[in-house]
Amino acid sequence: MELVSLSISGAPIITMDPHRRVIKDGAVVIQDNTIAYVGKAAELHRMPQAEFEIDANGTVVLPGLIDTHVHLAQALLRGCADDTSLIDWLQKFVWPLQGNFEGEDGRVSSELCMLEMIESGTTTFLESLLHSRYGFDGIAESVQRSGMRGILSKTVMGLPGYGTEQSIMHPGMIEDAETCLREVEAHFKRWNGAANGRIRVWYGARSLGGCTPELYKLIASGAKRLGTGVTMHLSEVQEDVRYAKKQFGRMPAEFMDQVGLVGPNVVFAHGVWLTEKEWQILARKEASVAHCPSSNMKLASGIAKVPEMMQAGVNVGLGCDGGPSNNCYDLVREMKAASLLQKARLLDPLVMRAELVLEMATIKGAKALGLQKEIGSIEVGKKADLILISIRKPHLTPAFNPVSHLVYTAQGSDVETVIIDGEIVMENRIVKTLNEEEIIRNANERGAKLLERTGIDLSPKWVLH
Ligand SMILES: [Zn+2]
């Protein structure tokens, strides 16, 4: 499927370049995996003939979306933990289910998740917590095959708690610190830079209550030595703040700074309860936040003060989180949620404008992952990760302002074609790299068996007839 050259023309191009150019009647030329030309279609004749040509008429072309907080292994848990708050959600549903993963469960869940991400225009993701029992190698092989660009973070933990001193984690989820650290290094050696650089390996530090201060320091020094990143859930719920104050006498981000885990290579998921002082630490140390509005709303975790956080200088990307918290991996829908939530909170329609939200889903997301020189915009020399979204549908008509449509009107299923690293991964809604029918069948079978093993009753609250 290696393309020598590909040209796309006949559509507006939302470049997300430093000038934020939107090119009417635009064209993009891809040479191997790199963008070789972005400009007017009328100038295309100056470029060499393309081996393949895509007529993008009726669509808008934009950079592939970047999801900065995803749980691949939770796609199999979709809809398995509704209408409950985070700690109960973890203890009663998510941890027992994930602690009962067997064999190919992790791989099948990841493939299901990637299928959904591709079909809704996500081209790059940051997976935040891969426990050993999900099978890291199987998942990495699936990422390789899927064609996606993915950062896989191996869980590092030393304590079985979360936001409490008590041991609350399901036994099937518990790992020891030494093994975790060793496994990160082994996965890093084997997979970092694999699949033509599409796969990266990071540290996935467990939340407060899951690591000792010494372990956080080891993660920070390990990441520095390997030259890689760290991601972690931080200040997602009020329990995080209570725990940090009680255990360490500090706010969560102040504590993370103390153990050396705030830096440009760090992405904190959620950050709902971060304070002004903590935003300043994150801004000064150039750490990023992955904002997950649907997950925060559904779990009643709170509303992250995203506009204020960005005003303080913090880089913020967007995340879908997981199958039991969102309950989908559609970043297009997430854009709308992110915007509307803040407008309603601040009673101000000017906060979280469509343009800003699209930046969060593209160039700001790329910055969070340290990949802003490679992806996040359509510019000559960058990796060819781009998507074509249809605007020829009733709910997208008339289409005066494509940026407005992408944030307020479109849905993931409007994405028609997805190109990652120069490869056409989905064309006219047909994913070429993964077998959709087989993945859905496997996921249904494995999901049912997993529920049975775990003994969780998910029958409807209403009487079944
Ligand atoms: Zn999460």
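Shown above is the structure to which this text applies.
This report concerns the structure included in the present document. All values reported here derive from a predicted model rather than from experimental measurement.

A word on the overall build of the protein chain
Along the protein chain, the regular secondary structure elements total 16 helices and 17 strands. Computed over C-alpha atoms, the radius of gyration of the protein chain comes to 21 Å, within 12% of the 23 Å expected from 2.2 N^0.38 for 465 residues, which places it in the range of a compact globule. When the backbone C-alpha atoms are referred to their principal axes, the protein chain occupies close to 65 × 50 × 50 Å. Relative to its 465 residues, the protein chain shows a buried fraction of 61%.

Some thoughts on empty space enclosed by the protein
Within the structure shown, the criterion is met by three cavities of 30 Å³ or more. In this model, the largest cavity occupies a volume close to 220 Å³. In terms of lining residues, the largest cavity is bounded by 23 residues, among which His-71, Gln-74, Leu-90, Leu-129 and His-233 are the most central. Broken down by secondary-structure element, the contributors of at least two residues to the lining of the largest cavity are helix 1 (86-98) and strand 7 (122-130). The greatest single-element share of the lining of the largest cavity, amounting to six residues, is contributed by helix 1. Its residues placed into classes, the lining of the largest cavity shows 12 nonpolar, seven polar and four charged.

A few points about the layout of surface pockets
Looking at the largest pocket, its volume works out to about 300 Å³. What lines the largest pocket is a set of 24 residues, and nearest its centre among them are Pro-264, Asn-265, Ala-368, Leu-369 and Gly-370. Counting residues per element, the ones that place at least two in the lining of the largest pocket are strand 9 (199-205), helix 9 (276-285) and helix 14 (363-368). Of the residues contributing to the lining of the largest pocket, the split by class is 11 nonpolar, 10 polar and three charged.

Some words on the coordination of the zinc ion
In an ideal octahedron of six donors the angles at the metal are 90 or 180 degrees, and in an ideal tetrahedron of four donors they are 109.5 degrees. Distances from the zinc ion to its protein donors, His-69 (NE2), His-71 (NE2), His-233 (NE2) and Asp-321 (OD), fall within 2.1 to 2.4 Å. Taken together, the four donor atoms surrounding the zinc ion define angles of 88 to 173° at the centre, an arrangement classified as irregular. Binding-site remark: the zinc ion is held by donors from one chain whose sequence spacing is H-x1-H-x161-H-x87-D. In this pair, His-69 sits in strand 6 (residues 65-70) while His-233 sits in strand 10 (residues 230-234), placing the two residues 164 residues apart along the sequence.

Section: the packing of aromatic side chains
All told, the structure shown has four aromatic pairs when counted by the stated rule. Both rings, one in Phe-248 and one in Phe-255, keep their centres 3.7 Å apart while their planes meet at 5°; by these two values the pair is stacked. By the ring-pair criterion, three or more aromatic residues cluster together here, those being Tyr-216, Tyr-243, Phe-248 and Phe-255.

Notes on the nonpolar core
Counting 125 residues, the largest nonpolar core has Leu-152, Tyr-216, Ile-219 and Met-256 as its most contacted members. The contact partners of Ile-219, leaving out residues within four places of it in the chain, are Val-156, Leu-181, Tyr-203, Ala-205, Cys-211, Val-230 and Leu-261. Counting 18 residues, the second largest nonpolar core, distinct from the first, contains Ile-13, Ala-56, Ile-378 and Leu-388.

Regarding the pairing of strand 10
Along strand 10, five of the five residues are buried, which leaves the element largely enclosed by surrounding structure. The alternating pattern of strand 10 places Val-230, Met-232 and Leu-234 on one face and Thr-231 and His-233 on the opposite face, and all of these are buried. For strand 9 and strand 10, the ladder comprises two bridges, and the chain directions are parallel. Of the residues in strand 10, the one forming a bridge with Tyr-203 is Val-230. On the question of chirality, the crossover connecting strand 9 to the parallel strand 10 by way of helix 6 (residues 213-226) is right-handed.

Rules and cut-offs
Residues numbered from 1 in each chain as written. Predicted model: local features only at pLDDT ≥ 70, side-chain atom pairs only at ≥ 80, totals over all residues. Heavy atoms only, no water. Helix = DSSP H or I, 4+ residues; strand = E, 2+ residues; numbered from the N terminus. Rg over C-alpha atoms; globule rule 2.2 N^0.38 Å. Buried < 20%, exposed > 50% of the residue type's maximum accessible area, 1.4 Å probe, protein only. 1 Å grid on protein atoms, 1.4 Å probe; cavity = no way out; pocket = protein on both sides within 12 Å on 5 of 7 lines; lining within 4 Å. Points joined across faces, edges and corners; volume = space filled by probe spheres on them. Nonpolar A, V, L, I, M, F, W, Y, C, P; charged D, E, K, R; others polar. Donors = N, O, S within 2.8 Å, 3.2 Å for Na, K, Ca; no water. Tetrahedral: all angles 85-135°; square planar, octahedral: opposite > 155°, others 65-115°. Phe/Tyr/Trp six-rings, centres within 6.5 Å; stacked < 30°, edge-to-face > 60°. Core = buried A, V, L, I, M, F, W, Y, C linked by side-chain atoms within 4.5 Å. Contact = heavy atoms within 4.5 Å. Pairing = 2+ DSSP bridges. Right-handed = clockwise from strand over helix to strand, strands pointing away.

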